[in-house]
Amino acid sequence: MSGAGKTRPEAAETSAGRNRTEPGTLYIVATPIGNLADVSERAVKVLAECTFVACEDTRNSGLLLARLGIKKPLVSYHEHNRAQRGPEIAARLRAGETCALVTDAGTPAISDPGEDLVAICAAEGIPVRPVPGCCAAVSALSVSALPSRRWVFEGFLPLKGAERRWRIAALADEERTVILYEAPHRLAATLSELADALGSERPATLCRELTKLNEEILRGTLGSLAAAYAEEQPRGEFVLVVGGASPAGNGLCSLTPEEHVARYVEAGMTEKEAIKAAARDRGVPKNEIYSAVKG
Ligand code: SAM
């Protein structure tokens, strides 16, 4: 792996195995998604030993640290200041300080800030170590009763527009189990759009308020979940896990290539984009789809 190599796998393993909080290192620290008892012993140790904590919301993380009996300087790092704050944090790490990055809940960089900071540090050869723990997506998958050997994380769908339609259309043929995050006020619309595009009989599990007092795990189909939430104003935090398309395919690949492309065009793609997407879905060269469409 020429050029990749500032953190060779052997080097990373050796250092992480020492179980010592190293100076000049960025720690990606997972925190609970509801139940404080889920914080790991190692997370507490790294939070207690780091020089400073970078966090999404200083009030939230301040509360977490207070509950853990830890006092540390907090630096805010979020969507709106990450371009400026990322290089500042990297400079402190280069100077030998140790940073623990946390978010409001779960694993940083998973639908949360962190990705950029990790990329900056990786590019500069600054060691980055995971302190694994809670992640709402993986927790939901683990109780979904849906196939968990192969799965894909979709995160939050785009709020509206062509990109949302394409992403939903592309999920129709996804054979792996799909994990989505959704805000409560958008849940009903998303369930109903997914039921329309993927089929109302598609198995799905909706996980609400995981590890909290009102935890709820509803197993059904996209249709039954959409019906359950059509009237009720949902509250809390949700992860939706959707079973994959059957390989035999009720989705786009069971259509003719012309119909397949037409579906994507209806969803807002240009014909060129639709041909490319259909070729990718069907695992065939673009020319083959082009010839079928153009005759
Ligand atoms: N980084 C986090 C992780 O590792 O799970 C995810 C952060 S993302 C901004 C927040 C979303 O995660 C929520 O809108 C919800 O979809 C999901 N989520 C977080 N905590 C949850 C919980 N306790 N129960 C269900 N979903 C949760």
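Provided above is the structure to which this section pertains.
A brief look at the structure comes next. (Residues numbered from 1 in each chain as written. Predicted model: local features only at pLDDT ≥ 70, side-chain atom pairs only at ≥ 80, totals over all residues. Heavy atoms only, no water.)

## Observations concerning the sheet that holds strand β4 (residues 99–102)
To summarise the sheet geometry, strands pair through backbone hydrogen bonds and adopt either a parallel or an antiparallel arrangement.
Right, on to step 1. With parallel pairing, five strands are arranged side by side in an open sheet as β3-β2-β4-β1-β5. Of all the strands in the sheet, just β3 (74–76) and β5 (128–131) have a single pairing partner and so form its edges. Geometrically, the sheet is characterised by an average inter-axis angle of 25° between neighbouring strands, direction not taken into account.
Right, on to step 2. The strands touched by helix α2 (residues 41–49) within the sheet are β1 (26–29), β2 (52–55), β4 and β5, with β1 carrying the most contacts at an inclination of about 140°.
Right, on to step 3. Those strands touched by helix α5 (residues 115–124) are β1, β4 and β5, and its axis lies near 150° from that of β1. (Pairing = 2+ DSSP bridges. Helix = DSSP H or I, 4+ residues; strand = E, 2+ residues; numbered from the N terminus. Axes fitted to C-alpha atoms, helices over the stretch in contact; angles between N-to-C directions. Contact = heavy atoms within 4.5 Å.)

## Quick notes on the packing of aromatic side chains
Right, on to step 1. Counted by the stated rule, this structure contains three aromatic pairs.
Right, on to step 2. Note on Phe153 and Tyr181: the rings are 5.1 Å apart at their centroids and 75° apart in plane angle, and the pair reads as edge-to-face. Taken together, the residues Phe153 in strand β6 (residues 151–156) and Tyr181 in strand β7 (residues 177–182) connect sequence positions 28 residues apart.
Right, on to step 3. What makes Tyr181 buried here is its relative accessible area of 11%.
Right, on to step 4. When the ring centre of Phe52 is taken as reference, the NZ or CZ atom of Arg92 above it lies at 3.8 Å. (Phe/Tyr/Trp six-rings, centres within 6.5 Å; stacked < 30°, edge-to-face > 60°. Buried < 20%, exposed > 50% of the residue type's maximum accessible area, 1.4 Å probe, protein only. Lys NZ or Arg CZ within 6 Å of the ring centre and 35° of its normal.)

## Things to note about the packing of helix α7 (residues 161–171) against helix α8 (residues 184–198)
Right, on to step 1. Contact geometry for α7 and α8: axes closest at 9 Å, N-to-C directions at 50°. One finds that α7 runs oblique with respect to α8. In this structure, α7 meets α8 at a crossing whose hand is right-handed. Along its contact with α7, which presents Arg164, Ile168 and Leu171, the element α8 presents Arg186, Ala189, Thr190, Glu193, Leu194, Ala197 and Leu198. (Parallel < 35°, antiparallel > 145°, perpendicular 65-115°, else oblique. Left-handed = near helix turned anticlockwise from the far one by under 90°.)

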